[in-house]
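If you want the building blocks of each chain, they are given just below.
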Amino acid sequence: MRLVLMFVFIFALAAVGYVAATGHFLAKAATDLLKVGNISSLIATATPPEDPMSPGYRGDPMQALSLPFQVVRIATPLGPAEAWKVPAAGRERGRAIYVHGIAGAREDGYRHLSLLHEAGWSVLLITYRNDPSAPGGADHRYGFGLTEWPDLEAAVAHLSPGPDGPGVLVVAESMGGAILGQFLAQSPLANRVSAVALDSPALSFRAVIGQLASQSGKPLPGPMAWAAGLMLPYMSELPLERAEVADTIAAFPGPLFIAHGSGDRIVPVGPSQALAAAHPGKTTALWTGADHLGSYTADPAAYRSAFLAFLETLED
């Protein structure tokens, strides 16, 4: 009996040590993702695609889609951030802002820009702190929305300069969803947003850590992610426990579009599905089997149909 208890004790001790060690490395990997340049250096090793509809394409709206545009500078709290404003071709039916994800670029919004322009919308493709065409943050870290939301606030103020002005549609991808959520929770201009469109939105830093643990292939991913969450406050100066915006966006009363793939290896689809179910207003959802930000590529016709149908609801 003593021998059995000893083996149980040794096994439990080894399991605790394993969870603590792997949790530490997971927490470090998660915080490393927020360092400016880490993800960009990986993306830069790949050959940029020539198709403007593919993530990673680089080139202005005229080069990409033959669309005239203006270069504008948004007065953010850190200084001017460059944006591209693409006016509607004819009568303006609405105004939209595109917010890219972590280490992304405004060009990543061309899939939505093409559809919005076709439907008569003016579009502002923004940069925010730590982008090449925007001021750098003092800590050179992405904030998962906690630090970037004032830059979106400045863009909303630019596109909808008064309380009686037109409402704005915010299109946000990946970490752009976290930025939007923090803006809706904290900005006095939140009521100027009349509709929201999300693609592979990062609604929860905790959920992203869980997904990283699941994708690691290591045993006990759940306890590993739990341990990482306990260690994060000691490894980052950011209050990442506040990087949870699903409830805020679920409470948003306006129309919502959301697209997400079950094959997403970075941001789990579960929080998006829960958001769509909890949202009380008009909701247009497109679920695919795609990887991160891959739903458009997986089925362009279905994406186009769903998004244009969503835009039609905004004119009701």
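The sections below set out a description of the structure shown in this document.

What counts as what
Residues numbered from 1 in each chain as written. Predicted model: local features only at pLDDT ≥ 70, side-chain atom pairs only at ≥ 80, totals over all residues. Heavy atoms only, no water. Axes fitted to C-alpha atoms, helices over the stretch in contact; angles between N-to-C directions. Helix = DSSP H or I, 4+ residues; strand = E, 2+ residues; numbered from the N terminus. Parallel < 35°, antiparallel > 145°, perpendicular 65-115°, else oblique. Contact = heavy atoms within 4.5 Å. Nonpolar A, V, L, I, M, F, W, Y, C, P; charged D, E, K, R; others polar. Phe/Tyr/Trp six-rings, centres within 6.5 Å; stacked < 30°, edge-to-face > 60°. Buried < 20%, exposed > 50% of the residue type's maximum accessible area, 1.4 Å probe, protein only. Lys NZ or Arg CZ within 6 Å of the ring centre and 35° of its normal. Pairing = 2+ DSSP bridges. Arc of directions from axis to C-beta.

Some words on the packing of helix α5 (residues 149–159) against helix α6 (residues 175–186)
Helices that pack against each other are described as a pair by the angle of their axes relative to one another and the distance between those axes.
Okay, step 1: Relative orientation of the contacting elements α5 and α6 amounts to 75°, with a least axis distance of 8 Å. Judged on the interaxial angle alone, α6 and α5 are roughly perpendicular. Residues Trp149, Leu152, Glu153 and Val156 of α5 form the contact with α6, whose own contacting residues are Ile179, Leu180, Gln182, Phe183 and Gln186.
Okay, step 2: Along the lines of polarity and charge, the residues of the contact of α5 with α6 split into six nonpolar, two polar and one charged.

With respect to the side chain of glutamate 173
Okay, step 1: Note that glutamate 173 resides in strand β5 (residues 168–173).
Okay, step 2: Contacts of glutamate 173, omitting those with residues within four sequence positions, involve Tyr98, Val99, His100, Gly101, Asp108, Arg111, His112, Asp199 and Leu293.

Topic: the packing of aromatic side chains
Centre-to-centre distance and the angle between the planes together describe a pair of aromatic rings.
Okay, step 1: Applying the stated criterion across every chain, the model contains eight aromatic pairs.
Okay, step 2: Taking the centre distance of 5.8 Å and the plane angle of 65° together, the rings of phenylalanine 69 and tryptophan 84 count as edge-to-face. Remark: tryptophan 84 occurs in strand β2 (residues 79–86) and phenylalanine 69 occurs in the loop between α3 (61–65) and β1 (70–76); sequence separation between them is 15 residues.
Okay, step 3: For tryptophan 84, a relative accessible area of 7% corresponds to the buried category.
Okay, step 4: Three or more aromatic residues link up through ring pairs in this structure, and these residues are Phe257, Tyr296, Tyr303, Phe307 and Phe310.
Okay, step 5: Above the plane of the ring of tryptophan 84 lies arginine 106, whose end atom (NZ or CZ) is 3.8 Å from the centre.

Looking at the pairing of β1
Okay, step 1: Pairing of β1 with β2 involves seven bridges; the strand directions are antiparallel. The partner of isoleucine 74 across the bridge, within β2, is alanine 81.
Okay, step 2: Once β1 ends, the chain turns through two residues before running back antiparallel as β2.

Overview of the environment of leucine 180
Okay, step 1: Along the chain, leucine 180 falls in helix α6.
Okay, step 2: Remark: the alpha-carbon pair of leucine 180 and leucine 146, spanning 34 residues in sequence, is separated by 10.0 Å.
Okay, step 3: Residues contacting leucine 180, with those up to four places away along its chain left out, are Leu152, Val170, Ala172, Val196 and Leu198.

Topic: the sheet that holds strand β3 (residues 94–99)
Okay, step 1: Pairing within the open sheet is mixed, and its eight strands lie in the order β1-β2-β4-β3-β5-β6-β7-β8. A single partner strand is all that each edge strand has here, and the edge strands are β1 and β8 (283–288). When strand polarity is set aside, the average angle formed by the axes of neighbouring strands in this sheet is 20°.
Okay, step 2: When β5 meets strand β6 (residues 193–199), the two strands line up parallel, connected through six bridges. Its bridge partner being in β6, valine 168 is matched across the sheet by valine 193.
Okay, step 3: Sheet contacts for α6: β3, β5 and β6; angle to β5, the most-contacted strand, approximately 140°.
Okay, step 4: Packing of helix α12 (residues 300–313) onto the sheet brings it into contact with β4 (121–126), β5, β6, β7 (256–261) and β8, and relative to β7 it is tilted by some 165°.

Quick word on helix α10 (residues 270–278)
Okay, step 1: Considered for burial, the residues of α10 that qualify are Ser272, Leu275 and Ala276. The arc that holds every buried residue of α10, seen down its axis, measures 95°, which confines them to one face.
Okay, step 2: Its buried side turned inward, α10 meets β6, α9 (246–250), β7 and β8.

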